[in-house]
Amino acid sequence: MSDQPIAIEHLCFRVPPGGQMAFIQEDERIWGPALRQQPGFLGKEVWLDQEDPELVHLILRWASRADWKAFSPDQVETLDRQMRPFYVRLEQAKEYQLWQPDLLGEGQA
């Protein structure tokens, strides 16, 4: 097990009605291959908000914050440029770390 906690990147986009599927498909087409080649990328989930149907949540899991932040800013800019025709308002961007008691010396039997 790594001595760094798993990092979670949570992006929330406001997508106009009827545009969710195109946004999700283009995000996967453009970002998917690049993410899967990035060391430390563990996976991505897409969540649709039941309380506000215009919100699309992207949850990305990284082996560590260092792996996430090692993603080249130039590559991010290039991918973002490709997404521009599909970009909608970014409502929220948050960062979380998975709580792992073993990393803190706790929870050992």
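### Structural notes on the environment of Glu95
For Glu95, the location among the structural elements is in strand 4 (residues 89-97). In the structure, Glu95 is positioned 85 residues away from His10 in sequence and 6.2 Å away in space, judged by C-alpha atoms. With sequence-adjacent residues up to four places away left out, Glu95 is seen in contact with Ile8, Arg65, Trp68 and Lys69. Among the polar contacts listed, one links the side chain of Glu95 to the side chain of Arg65, at a separation of 2.3 Å.

### A look at the pairing of strand 1 (residues 7-14)
Both faces of the sheet carry side chains from a regular strand, because those side chains alternate between them. With seven of eight residues buried, strand 1 lies mostly within the body of the structure. Two strands pair when backbone bridges link them, and strand 1 and strand 3 (residues 55-62) are joined in this way by eight bridges, in the antiparallel orientation. The residue bridging His10 from the neighbouring strand is Ile59, located in strand 3. Relative to strand 4, strand 1 runs antiparallel, the two sharing eight bridges. Paired with Phe13 across the strands is Leu90, a residue of strand 4.

### Considering the sheet that holds strand 1
Taken in spatial order, the four strands of this open sheet run 2-3-1-4, and their pairing is antiparallel. Looking at strand neighbours, the two that pair on one side only are strand 2 (41-48) and strand 4, the edges of this open sheet. When the angles between neighbouring strand axes are averaged without regard to direction, this sheet yields 15°. Two strands pair when backbone bridges link them, and strand 2 and strand 3 are joined in this way by seven bridges, in the antiparallel orientation. Directly across from Phe41, in strand 3, lies its bridge partner Trp62. Seen against the sheet, helix 1 (residues 20-37) touches strand 1, strand 2 and strand 3 and runs at an angle of roughly 175° to strand 2.

What counts and what doesn't
Residues numbered from 1 in each chain as written. Predicted model: local features only at pLDDT ≥ 70, side-chain atom pairs only at ≥ 80, totals over all residues. Heavy atoms only, no water. Helix = DSSP H or I, 4+ residues; strand = E, 2+ residues; numbered from the N terminus. Contact = heavy atoms within 4.5 Å. Polar contact = N/O pair within 3.5 Å; in protein donor to acceptor, adjacent residues only side chain to side chain. Buried < 20%, exposed > 50% of the residue type's maximum accessible area, 1.4 Å probe, protein only. Pairing = 2+ DSSP bridges. Axes fitted to C-alpha atoms, helices over the stretch in contact; angles between N-to-C directions.

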